[in-house]
Structure formats: structure tokens, C-alpha cells
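Chain and residue survey
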Amino acid sequence: MNFHETFFILLAAIIMIFSVLVVTTDKILRAATYLLFVLLATAGLYYWLQYEFMAAVQVALYAGGIVVLIVFSVLLTHQIHHKLVSITLTRKLLAFGIAGLGALVSIVTIVNYDFNTAPAEAMKVDVRQIGLHLVNTGHNGFALPFEVVSILLLAALIGAITIAKKEESNSDNI
Amino acid sequence: MYDFSQLTQAIHLFLVQHLNSSSVAIVELVLVGLLFLTMYAILGLTLVYMERKVCAFIQNRLGPNRVGPLGLLQTVADLIKLLFKELLMVKKADKFLFNLAPFIVVIASMMTIGALPFAKGFQAIDLNIGLFYIISITSLGVLGILLAGWSSNSKYSLLGALRSGAQIISYELSVSLSLLSIIMFTGSMQLSVIVESQANGWWIFKGHIPVFISFLIFLIASTAETNRGPFDIAEAESELTAGFHTEYSGIKFAFFFLAEYMNMFLSAALAATVFLGGWMPFHVSGFEGLNQVMDFIPPIVWFFGKTFTLIYVIMLFKWTFPRLRVDQLLTLEWKYLLPINLVNTIVIAFVVVMGWYF
Amino acid sequence: MGLTEILTMSHELALIAALIILLISEIFSDEKSKYKFIPLAFALILGAGVVGLIFGKTGIIFGGMYQNDALRMAMKLILDLATLIVFLQSTEWIKHPHNKNRVLEFYLLVFATLIGMNFMISSGDFLMFYLGLELATIPIAALAAFDRLKNNSAEAGIKLILSSALSTGLLLYGLSMIYGTTGSIYFSEIKELITLNSLSMLGMIFFITGMAFKISLAPFHFWTADVYQGSPIAVTSYLSVVSKGAAIFIFTFVLYNVFGATSAIWTQILVMLSVITMTIGNLFALRQQNLKRFLAYSSIAQAGFIMLGILGQSAIGMGSVIYFLLIYIFSNLGAFGVVAIISAQTGKETIADYRGLYATNPKLSLALMLALFSLAGIPPVAGFFGKLFLFNAAASQGYYWLLFVAVVNATISLYYYLLPVKAMFIEKTDSPIATFKAKPYMALSVAICMVGLVVTGFASVIFEYLVSVSSGL
């Protein structure tokens, strides 16, 4: 086992341990923090695969974006003495049983599958390449999804505003 | 001349001769880690000293002048004091998160230093997405602040954290967008490439008006992103005691303090690297004599000279402008900086396509 | 790629333009002119349909990410029509003082979901499919929670978003497995490369599970009843008709055109899902007294019948599914329309409240009766032909025992579809719902549904056209 493999095992262990902690802790903000560690370790895996751009995206979007939003909304809605409703033992066992069974089936299937692997040269992913793929309208181009995502974000914003909007408009103007 | 990589290469060869590959990697990691940690600590102490001197200068005082010559050892004494102070623990605080928060903040600021090119070859890791890496890591720091505010179980901390969260999330956009302008010019996010591209002139001169606008926006937005005055509503002493770190004491408080100064250093260093040529000397194409003279000044002097000039400007901001209200702060970002920035980005795209830069 | 190629997606572009026009018109509106959005939205949805009809053309653009053909164009027009009917039915509800600040948002969100469905229907790869699905789902959660001050509605929003998050997770996990085995996200390439092996089958099962959540096939239907009951009626009808229709369409298409080589596996899964769905949907619908909930459960059962058509695995199968969807839209929206009219007027929603309705409001009663007959599949109403063709498609592949189960279930459904009819026409009560005149928009929507039912039922050319543009396995 060399340095490289040790690193993978370390990252994988972080991901697994904290993933379990995310769903078992009884404090919501701790769950968010554990999720942060999971996402950071995933970014580490991308980095380990020498895919730095994806690693940075993972950190910026998930750790720096989504977890911050989760934590922010917890801060607005949740107080420190609140605890999540504890789950009965039978439910816990059931959930773990089903999740474990699902994981087992997936793992066995994936491990037994004979992936069509071939050694490939390391791709150089520079900004220019990424940019060109994003605006490419041909095969393997991502111009259309890129634009549709913008509509998706717009719709999500409108949806969020609809739910959060004040009921009375004439109350006060800040 | 002044190429750091010769030195690092020599050390590397020496290690390779005597150790196997895994050990080489570990020894080098330790060496680099020690070097950067030391630098981090020294820079932090220097910045605190500088802040107090600048503040004193503006307020017509002398500032620290008792411990050591010119008060130079004052911050070291402060550090020792902080190290010996009792670590207070708030009852009913979430202990795990309370203790974790300062580390997130300080690690996030520490991780970014490694990607900065201090001089030619003096860079811990030259990622091909260096700029993006720095942007993404800095966005982690806010998590520490949010966690600190919530886990302290104190209203001041919570309010400070909420304000800080809203502020940092907003201003991050402007920071990233203004850096994007230079990425469009260079076509690369690798910091060493960005510095090399300024060998015949810094971007702030080569890219003229639009880059100057980006530079100004970056300076304003990064000041806000580091929670410094006049954008320091997150810790506004007069209303929130000390904001998100009200409940912290001793070395944990020092971590927040240190991280704030190092983030300021990072913003200044990033601005210097991206807009002002980093360690690149001041060159004017055509004036060979001048260029030769400039080349004699070591790159590391250039880098720190530019960075500390910018830090001085950021400190002037803090001590001269009044603090903004939270709504003014968000208005500034969302209604002024961001639209200007977006238009500016389009202008720059146009400039780049037409080749209207030097 | 040039302008002419972009015009292939003129329907989507028209809808996006409509969305932007609505957004901009908000800037120029004030408190009083809020309700001018209502006719504007009608005009825009009609306009989008007309633009799609005139300028739309078949073709594959964006390197295979987007494809359009006659069947898809027909499906998009059907969805437009259904959305228009939902808009007409929602006028009274949206004019309620509670919603006065959020009139425009309703239309914006519906348009956004419609854009998502259109992209989903036209997707040529799993990325666009996924994005379209998300765009068609996330705004609906906001719509379900539209009456957010009512606990029911807020609950509906939360349940919808959580269950769709779970189902999307399963779906994506499955798609990642399929990508792992074939190395492509394009439908056309996967179709060539997919083989019958354990990993790609697991991926396909996850995909079917995810879609089963969206279409609310049993045993993945648990979210449906609460969401349908809690949401505003307009949203419930939109959810149970338009989104379900779009999801069923793309589900059928992907099964035929991507997983065609593995049909031996998925037909078995669909047979099981179909039997469970029909039975559970019927059993639950039997016990419902609230008409909204009743229609929700009956729509689960209807989805089970639709699976029969998919099992046909031929152009006739696909055509019969689309044809049934068309009829289902008219009959279900007709029923929802009547329920919405009565609920808006009197606030009464249970079957018992409808006693003696024929004596006081004969037109509404007849409309509801026609819609329910069609849902039940009683000849000679359109729904009968729809079910007949579905059964026919399944029979062509020899699923006789499945047909037997379906016929038994259809008979059970007759019973509960006739319960409201019995209440309206036969049962007497001292205090029936008083005679009233329905609001013109609402009445118009029900009238469109009734005309649609008659026309689709008797004009065989529609079914023939749909089959002719469909494609089989």
C-alpha cells in the first residue's frame, strides 16, 4: 500500500463515517457540518483523481454554497436547544436494514461487473476547453443544458419568493 | 535570476538520493507545511502591528511603542498573553461545533496561502485552476463564522453570524466576477500563467478602463468579504459587542482574529497578483534600461511591496469610512456593484474579442 | 447552427418568451391591474401553442440533445390545451383575496413547469431529460404550497419536494450505472450499446423506480393522496393530469427507445407495477368521501391501466397511451372543473354534499356524469375507447391474465365512479346545493372538456393519426 492508496482509503473512510453521522445525529446543525465534511472529502477524491477543476467546483458549489445556505436557513429557523424528534428503535432497525440491503445489492453488482477499462492519457482540462464545451452546440456540447439550467434557477427563485412572500403588502415598506 | 525553483529543485534532488519516494513526499510536505505555517504566523503578527500603527497614525497617536524597539514586539507579547488565557466554555453551547468553528475559519484562510505565487518558483502548489481554488476555499470561511455564531448560544453571536453570512454570500459574487475579467484576458486560471502574462505590463495598465473598474470592485468587495470596516457589521462593536466571536476567549479568539487579518492579506495579495503583476517587476516595453534596473529588485520584494501597499489602502478604508447599515450594505452589492460588474464583464468580453488591449 | 435549426424548438422558445413577457409585465403593473395577468396568461399559452403548431418542425439539434417529431409536437399541443383548461379553472381561486399578491407567480411557475415538460418530452439524452424533469417538478412544489397558510398546503409542498428528491436521487443513481456500463448519456447511443447484464439492469430498475414515483405507481404512491388533497384544486388537477401525462410520455419513450434491448426485464416489472397500481388505486378510491381525494386515488388507478398500453411495445401501444392521455385529460379535468366550480361556490367537497344536485344544477350534473362515465370507461363515451385500445395493445402481446385483472379492476372502478352519479341523480336530500350560475371562465373550461370528450371519442382520425406518428419498440 503506497502513499497514493493510503490517501484514497483515508478519504473514503471520512466519507463513509460522516455520511452515517449525518443521518444519525440528533442535532440538525451538526448534521449540516458532517455533510460539509462528506462534501469536502468528495472534493478531495476529485483532487486525488487529478481533476482539480471538479474539486474546486465541488468545494465552491457544495461546501461553500449549498452547505452555507443550509446552515443559514437553520440559523434562521432553529434554536440551539431544539432537538430532532427521536426515532423509535424498530424504525431505526428497519431503515438500517433496508439501506444496508440496498447498499449490499449495489455493491455486489458493481464489484462483480466487468468494467470496460482501458488506460487513457491524462486529459489536460484548462479553462478554455471547459468554456468551449459549455457553449458548444454540437455533439457532447452543453450549450442547451447550460441555458435550461438558467431557467430552472429562475423558476426556483420565483418559487422560493412565492412561498416566502408577505401576505399583506401594505403593512410596511423597508 | 532570483528563481526559487533552483533551490527547491536542489532540495528535492538531495532528498530523492537519500530516501524512497513515499518518504520524500512526506518530508517535503512537512517542510513546506512548516515553512508556510511560520510565514503565516509572522505575517499575522506583522499585520496586527501594522493595523495598530496605521490606526494610530490616522488618529494622531503613537500606537504601540513600549515593548521592543518601536513597539515591534507588542503583538508577540499579545500572542503570549492570549495563549495563556483561560478558554471559556459557554454553558449550553454546542461544544463540538463551538470548538470546531475557529478551526474551520483558520484552516480555510491557511489553505489559500499555499496557492499564491510569492516569487518565481516560490509557490507551494501551482494548480491549473489556482484562482478558482482560492475563490472556492475562501467561501468556506463563512461556514466557521456561521457555526460559531449559532453554537455560542448568544444573541449577539447569532445576529453577527447572520449578518456576516448574508454579507459574505453576496459579496462573493462580485469578487468572483471581477476576477473573471482577468481570466478572460489570460484564458487561464493558473496563477503562475497569470503572472507570466504580465511580463510586458501589468493588467491594470494593459486592460485599461474595464480592468481598472474590476480592480476597484474587487478591492471594495473583498474588503466586505473579509468582514472589515467599513463593512464590519458582523462584529460591529457598538451594537453587537463583538459579533460572532463574542463568546470566544484565548487562543480560539486569536484564531478568528488571525484569520481575519490573513484574509485581508489574501485579498491584497490576490489583487496584487492578478491586477498588479504579482512578483513581476514594473516593465515598460521599449525602455530597456528601466526594465533592467527594475529586474534587479528581487521578485519577493515586488510582491510584498505591492501587497502591503494594498493592505495599507484597505486599512485606510477601515479607519476613515463610517460603518454601513446592513440594508445599505446589501443595496451596495446587489443594486450597484453586481450590475456594474456584469456590464463590465460583457465589455471585457468585447474588448478581448476585438483585441482592444495592449 | 443557424436560425432555421433553432426554430425546431420554437414551441419551447415561445413558452420561454411567454415567461419573460409575464415577468416584464409585472414591472408595469400595480395593485389594480393585477388581474389583467389572467387573460394575458390565456393569450400567451394559446399563442405558444399556435407558434408551436405553425413554426414547429421535426429534427434533431444540439448534437442529439434535443429532438422533435410529429408525436412530440402533438403531445406538446395536448399539454398546452390541458394547461389552458387548468388556467380557466383556476380563475376564481386566483382571484381570492388570499392570493392577491401572488397572481403573477402562479402563472410564472406553471409556465416554468411547462417549459420543463416540453424539454423533457423533447430530450435526446439523459442530461436534458433530467433537467426537464427537475424544471417540471421543483416549481410544482412551490405551487402545491401556494396556500401556505393552510397547514395542508404547506404539508403538500414539503411532501412533494421530499419525495421527488428521493425519487430523483434513485433515478440519477440508476442513470449513473447506465452511464458506467455504456459510457454515453445519449439515448441513441445507449440504445445501441446497452446489453443485458446485472449492472445495467440494476440501473434500469432504479430508473423505473424513480419514474414510478413521478407517475405515482403503487407501491411508490404514498405521497400522492396527501399532496393532491392539500394542494389547491387547480394545482391538483395540473399535477394529476399535465405533469403525469408528460412523465408517462417520456417514460414510454425511454423504455421503447433506450431500453428496447432489455424489454424482457422491464415488461415483467411493468406487469407487476400495473397489477399493484390498479388494485391499490381502486381499493383506496373506494373508501374516499372527499371528491378531490377520490379523484386523486382514481388517477393512480388510471396510471395502472396506462401501463397496459406501454406493454403493447408497438406503435399501436404508444399511440393508445397518448390517445388515452388525451381522453384522460378531458375527462379528469372535466371532473375537476365541476368539483372546482362547486367548491368555489359553496365550499362543499364530499360526495354526500352532491345529493340531489341534478334537480338544482342539471348542467353541472350532466357534465360531471359524462366525465365520470368516461373515467370509468362506460360505452359509448370516449374513455371506453381509450381503455379498449389500451387493452387491445396489451392483448396483442398476449398478456391475457393481466387483461383479466384489468377488467376486474375496471368493473370495481365502475362502482365507485357511479357513487357520485347516484348521489346526484337518485338520492334525495332536504338541503341540496342551491341553484347557481357558474362563472363564465369555469363554465368554458368544463364545456371545452365536454366537447373534447365527444370529439376524441367519435373522431377515429385522431387515434389513427397518433398511431401513425408513433413508433414501437
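Predicted model only: the values in this text are computed from it and were never measured. (Residues numbered from 1 in each chain as written. Chains lettered and ligands numbered in written order. Predicted model: local features only at pLDDT ≥ 70, side-chain atom pairs only at ≥ 80, totals over all residues.)

A short note on the overall build of chain B
- Regarding its fold elements, chain B presents 14 helices and zero strands.
- Mapped in sequence order, the helices and strands of chain B form the string α-α-α-α-α-α-α-α-α-α-α-α-α-α.
- A compact globule built from 358 residues would reach a C-alpha radius of gyration of about 21 Å, and chain B, at 21 Å, matches this within 12%.
- Oriented by its inertia axes, the alpha-carbon framework of chain B measures out at about 65 × 60 × 45 Å.
- Buried positions account for 45% of the 358 residues belonging to chain B.
- Long-range pairs, those at least 24 residues apart, make up 78% of the contacts in chain B with a sequence separation of at least 6. (Helix = DSSP H or I, 4+ residues; strand = E, 2+ residues; numbered from the N terminus. Rg over C-alpha atoms; globule rule 2.2 N^0.38 Å. Buried ≥ 20, exposed ≤ 12 C-beta atoms within 10 Å, placed from the backbone. Contact = placed C-beta atoms within 7 Å.)

Quick word on the overall build of chain A
- Assigned secondary structure in chain A consists of six helices and zero strands.
- Moving toward the C terminus, one meets the helices and strands of chain A in the order α-α-α-α-α-α.
- In terms of overall size, chain A is more extended than a compact globule, its C-alpha atoms giving a radius of gyration of 21 Å where 174 residues would be expected to give roughly 16 Å.
- C-alpha extents for chain A along the principal axes are approximately 65 × 50 × 30 Å.
- In chain A, 47% of the contacts between residues at least 6 apart in sequence involve partners at least 24 apart.

Some words on the interface of chain A and chain C
- Listed by partner, the interface residues are 27 residues for chain A and 33 residues for chain C.
- For the side of chain A that touches chain C, the secondary structure elements donating two or more residues are α4 (89–112) and α6 (143–164) of chain A.
- Here the side of chain A that touches chain C gets 13 residues from one element, more than from any other, and that element is α6 of chain A.
- The residue makeup of the side of chain A that touches chain C, split by class, is 14 nonpolar, eleven polar and two charged. (Nonpolar A, V, L, I, M, F, W, Y, C, P; charged D, E, K, R; others polar.)

Concerning the interface of chain A and chain B
- Contacts between the two partners involve 25 residues from chain A and, on the opposite side, 34 residues from chain B.
- Within the residue set of the side of chain A that touches chain B, elements represented by two or more residues are α2 (28–48), α3 (52–77) and α5 (127–135) of chain A.
- For the side of chain A that touches chain B, the element with the highest residue contribution is α3 of chain A, accounting for twelve residues.
- When its residues are assigned to classes, the side of chain A that touches chain B shows 16 nonpolar, four polar and five charged.

Observations concerning the arrangement of the chains
- Most contacts, compared over the two pairs of chains touching, are made between chains A and C.
- Chain B shows no contact with chain C. Their nearest C-alpha atoms sit 16 Å apart.

Overview of the nonpolar core
- Ranked by internal contacts, the top residues of the largest apolar core, which has 190 residues, are Leu 135 and Leu 308 of chain C.
- Here the element with the most residues in this core is helix α15 (residues 315–346) of chain C; it accounts for 20 residues.
- Those residues in contact with Leu 135 of chain C that sit more than four places away from it in its chain are Val 148, Ile 151, Leu 152 and Ala 155 of chain A together with Ala 112, Thr 113, Ile 115, Gly 116 and Phe 119 of chain C.
- Residues Phe 132, Leu 158, Val 195 and Met 315 of chain B belong to the second largest nonpolar core, which totals 111 residues. (Core = buried A, V, L, I, M, F, W, Y, C linked by C-beta atoms within 7 Å.)

Brief notes about the packing of helix α6 (residues 155–186) of chain B against helix α14 (residues 326–354) of chain B
Residue and element names in this part refer to chain B.
- Direction vectors running N to C along α6 and α14 enclose 15°, while the axes themselves pass 9 Å from each other. Here α6 lies roughly parallel to α14, going by the angle between them. Between α6 and α14 lies a crossing whose hand is left-handed.
- Classifying every residue of the contact of α6 with α14 by side-chain character gives 17 nonpolar, eight polar and two charged. (Axes fitted to C-alpha atoms, helices over the stretch in contact; angles between N-to-C directions. Parallel < 35°, antiparallel > 145°, perpendicular 65-115°, else oblique. Left-handed = near helix turned anticlockwise from the far one by under 90°.)

Things to note about the environment of Gly 141 of chain A
- If you trace the backbone, Gly 141 of chain A turns up in the loop between α5 and α6.
- The class of Gly 141 of chain A is partly exposed, set by 17 C-beta atoms lying within 10 Å.
- Taking the C-alpha atoms as reference points, Gly 141 of chain A and Ile 161 of chain A, 20 residues apart in sequence, are found 33 Å from one another.
- In this view, Gly 141 of chain A contacts His 133 and Asn 136 of chain A together with Phe 62 and Gly 63 of chain C; residues no more than four positions away in its chain are not counted.

A word on helix α13 (residues 299–320) of chain B
All names here are of chain B.
- In this model α13 runs 32 Å from its N-terminal to its C-terminal C-alpha over 22 residues, within 8% of the 32 Å that 1.5 Å per residue would give.
- Every buried residue of α13 is accounted for by Pro 299, Trp 302, Phe 303, Lys 306, Thr 307, Leu 310, Ile 311, Ile 314 and Met 315.
- Where the residues of α13 are buried, they touch α2 (21–58), α9 (208–225) and α11 (250–275). (Expected span 1.5 Å × (residues − 1).)

A word on unusual backbone geometry
All names here are of chain C.
- Even without a glycine there, the phi angle at Phe 62 is positive, about 55°.
- Tracing the backbone through its elements, the reader meets Phe 62 in the loop between β1 (59–61) and β2 (66–68).
- On the basis of neighbour count, Phe 62 is assigned to the buried category, with 24 C-beta atoms found within 10 Å.
- One non-glycine residue, Gln 313, lies in the positive phi region at around 55°.
- In this fold, Gln 313 is placed in the loop between α14 (291–310) and α15.
- A count of 22 C-beta atoms within 10 Å places Gln 313 in the buried class.

Section: helix α4 (residues 70–89) of chain C
- The terminal C-alpha atoms of α4 of chain C lie 29 Å apart, and with 20 residues this matches the ideal 28 Å at 1.5 Å per residue to within 8%.
- Within α4 of chain C, 16 of the 20 residues are buried, leaving the element largely enclosed by the surrounding structure.

Let's talk about the environment of Ala 154 of chain C
All names here are of chain C.
- Among the structural elements, Ala 154 can be located in helix α8 (residues 151–182).
- On the basis of neighbour count, Ala 154 is assigned to the partly exposed category, with 17 C-beta atoms found within 10 Å.
- C-alpha of Ala 154 to C-alpha of Val 242: the two residues are 88 residues apart in sequence and 21 Å apart in space.
- With sequence-adjacent residues up to four places away left out, Ala 154 is seen in contact with Ala 145 and Arg 148.

Description of the confidence of the model for chain B
Residues and elements named next belong to chain B.
- Per-residue confidence for chain B gives a mean pLDDT of 84, with 99% of residues at or over 70.
- Confidence, read as mean pLDDT per element, is least for helix α10 (residues 237–240) in chain B (70) and greatest for α14 (89).
- Predicted complex metrics record ipTM = 0.88 and pTM = 0.88. (pLDDT = per-residue confidence, 0-100.)

Details of the environment of Ser 445 of chain C
All names here are of chain C.
- Note on placement: Ser 445 falls in helix α20 (residues 440–458).
- Overall, the presence of 28 C-beta atoms within 10 Å leaves Ser 445 in the buried class.
- Taking the C-alpha atoms as reference points, Ser 445 and Phe 330, separated by 115 residues in sequence, lie 9.8 Å from one another.
- Aside from chain neighbours lying at most four places away, what touches Ser 445 is Ile 85, Leu 88, Gln 89 and Gly 337.

Structural notes on the confidence of the model for chain A
- Averaged over chain A, the pLDDT score is 84; the fraction of residues at 70 or greater is 95%.
- Note that pLDDT drops below 50 for residues 169–174 of chain A; the model gives that stretch three contacts with residues more than four away or on any other chain.

Some points on the packing of helix α5 (residues 130–151) of chain B against α6 of chain B
Residues and elements named next belong to chain B.
- The interhelical angle for the contact between α5 and α6, taken along N-to-C directions, is 175°, at an axis separation of 8 Å. Taken together, the axes of α5 and α6 are roughly antiparallel relative to one another.
- For the contact of α5 with α6, the class distribution of residues is 14 nonpolar, seven polar and one charged.

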